[in-house]
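Fold and geometry: a report
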Amino acid sequence: MRPYATLLPRLLRDRLARSVGATAFVLLLTSPLLRFGESGFADGYMVGAEPGAASTANLVGLLLALVSPWLAEGVVSELRCNGSGPLLLTRPISRPALYLVRWLAGLVSLTVVALATATTINIAWSASGGSGPDLSLVGSIGAGLVIWAWVGSTVLLLSAVLDRGEALAGALLVAIPIAMTAALPSADLLARAARVLPVRPVLSAARTSLAGSVPEPSTLVEAGCWGLAMLGVGLFIASRRDWRAGD
């Protein structure tokens, strides 16, 4: 366990700049809501929601899902492109374990981003004199976990297959299914194909957690099974690719 305990803090420091940037990005896109009072926190973000910070849960969950690929970028491809992978493996740690620790660093980073975002929004809403339910701090951690289980694992797989561009591909896998199911009739072939990916269930679970409720067990099982499958396949492929510095 010692190599893992030594490596994880270093990986978290490496992700610190991205974590700060992701938090700033999410807060920047939610900041207009603070200027519109209670109606701004409720109207158009959660239909029928009670005014309050918790009514931004839908938007915050979506933004967390969109920044996740950026936090997960380079889990595998970075080590191949800069040639640092073999050097790290001189420690008593296996290749799959190395990738898994890097994946865990991203998970911790996203949960910190989610917690910092929820805390800031709650404080801003309270300072403005608003009433209503806050975003759940415990739920924000749960939202980070469920989002990362799918998005982080999928980007790890993409990072194992691609040499670059996995963050953009991961973001598109979040955005495109949402756009298709929203714009196309439910019976449309493309809309049905988009629903194969668990994007909407994952976002629904994240929104429910941020609002302070417990997601449906079936939704958590679906997100967890997809995430474990993507993580397992990604680790398998990454562990069998050759190192080629400068790809």
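In this text the structure is predicted, and so the values were computed from the model without any measurement. (Residues numbered from 1 in each chain as written. Predicted model: local features only at pLDDT ≥ 70, side-chain atom pairs only at ≥ 80, totals over all residues. Heavy atoms only, no water.)

A separate point is the overall build of the protein. A tally of regular secondary structure across the protein gives twelve helices and zero strands. Counting from the amino terminus, helix and strand elements in the protein follow one another as α-α-α-α-α-α-α-α-α-α-α-α. Scored against the burial criterion, the 247 residues of the protein give a buried share of 43%. Looking at the protein alone, contacts between residues at least 24 apart form 76% of all its contacts between residues at least 6 apart. With the model as given, the accessible surface of the protein reaches about 11,500 Å², and the carbon-plus-sulfur share is 67%. (Helix = DSSP H or I, 4+ residues; strand = E, 2+ residues; numbered from the N terminus. Buried < 20%, exposed > 50% of the residue type's maximum accessible area, 1.4 Å probe, protein only. Contact = heavy atoms within 4.5 Å. Areas by Shrake-Rupley, 256 points an atom, 1.4 Å probe, with all protein chains shown as cover.)

For helix 4 (residues 57-72), which comprises 16 residues, the first-to-last C-alpha distance of 22 Å matches the rise-based estimate of 22 Å (1.5 Å per residue) to within 8%. Leucine 66 marks the point of greatest bend in helix 4, at about 25°, and the proline proline 69 comes within the next four residues. Of all 16 residues in helix 4, twelve are buried; the element is thus mostly enclosed. Along helix 4, the positions that sit buried rather than exposed are Ala57, Leu59, Val60, Gly61, Leu63, Leu64, Ala65, Val67, Ser68, Pro69, Leu71 and Ala72. Of the residues flanking the end of helix 4, it is glycine 74, one or two places downstream, whose phi is positive at about 85°. (Expected span 1.5 Å × (residues − 1). Bend = angle between axes of the 7 residues up to and from the residue.)

Now for the packing of helix 4 against helix 7 (residues 95-127). Relative orientation of the contacting elements helix 4 and helix 7 amounts to 145°, with a least axis distance of 10 Å. Of the two possible hands of crossing, helix 4 and helix 7 adopt the one that is right-handed. Side by side, helix 4 and helix 7 meet where Val60, Leu64, Val67, Ser68 and Leu71 of the first sit next to Ser109, Leu110, Val113, Ala114, Thr117 and Ile121 of the second. When the residues that make up the contact of helix 4 with helix 7 are grouped by side-chain class, the tally is eight nonpolar, three polar and no charged. (Axes fitted to C-alpha atoms, helices over the stretch in contact; angles between N-to-C directions. Left-handed = near helix turned anticlockwise from the far one by under 90°. Nonpolar A, V, L, I, M, F, W, Y, C, P; charged D, E, K, R; others polar.)

Another point: the pattern of salt bridges. Under the definition given, this model contains one salt bridge. In this structure, glutamate 73 and arginine 18 form a salt bridge, with 2.9 Å as the shortest nitrogen-oxygen distance. Of this pair, glutamate 73 sits in the loop between helix 4 and helix 5 (77-82) while arginine 18 sits in helix 2 (residues 16-30), and the two are 55 residues apart along the sequence. Glutamate 73 gets classed as partly exposed once you look at its relative accessible area, which sits at 24%. With a relative accessible area of 24%, arginine 18 lands in the partly exposed category. (Salt bridge = Lys/Arg side-chain N within 4 Å of Asp/Glu carboxyl O.)

A few words on the side chain of threonine 154. By secondary structure assignment, the location of threonine 154 is in helix 8 (residues 137-161). For threonine 154, a relative accessible area of 7% gives the class buried. Each residue touching threonine 154, except ones within four places of it in the same chain, is listed here: Leu173 and Met230.

Another aspect to go through is the nonpolar core. Ranked by internal contacts, the top residues of the largest apolar core, which has 53 residues, are Leu64, Val76, Leu110, Leu135, Ile147, Trp148 and Leu156. Those elements that place two or more of their residues in this core are helix 1 (2-14), helix 2, helix 4, helix 7, helix 8, helix 9 (166-183), helix 11 (199-210) and helix 12 (217-238). If we ignore the near neighbours within four places in the chain, the residues touching leucine 156 are Val75, Val76, Tyr99, Trp103, Leu231, Gly234 and Leu235. (Core = buried A, V, L, I, M, F, W, Y, C linked by side-chain atoms within 4.5 Å.)

Of all residues in the protein, 79% attain a pLDDT of 70 or more, and the chain-wide mean is 81. Mean pLDDT values for the elements of the protein range from 49 in helix 3 (residues 37-42) up to 93 in helix 8. Segment residues 42-47: pLDDT under 50, and 13 contacts once partners within four positions in sequence are set aside and those in other chains are kept. (pLDDT = per-residue confidence, 0-100.)

With the rule as written, the count across this model stands at two aromatic pairs. Pairing tryptophan 103 with tryptophan 148 gives two aromatic rings, centres 6.5 Å apart and planes at 50°, and the pair type is tilted. Here tryptophan 103 is found in helix 7, whereas its partner tryptophan 148 is found in helix 8, with 45 residues between them in sequence. Both residues of the pair, tryptophan 103 and tryptophan 148, count as buried. (Phe/Tyr/Trp six-rings, centres within 6.5 Å; stacked < 30°, edge-to-face > 60°.)

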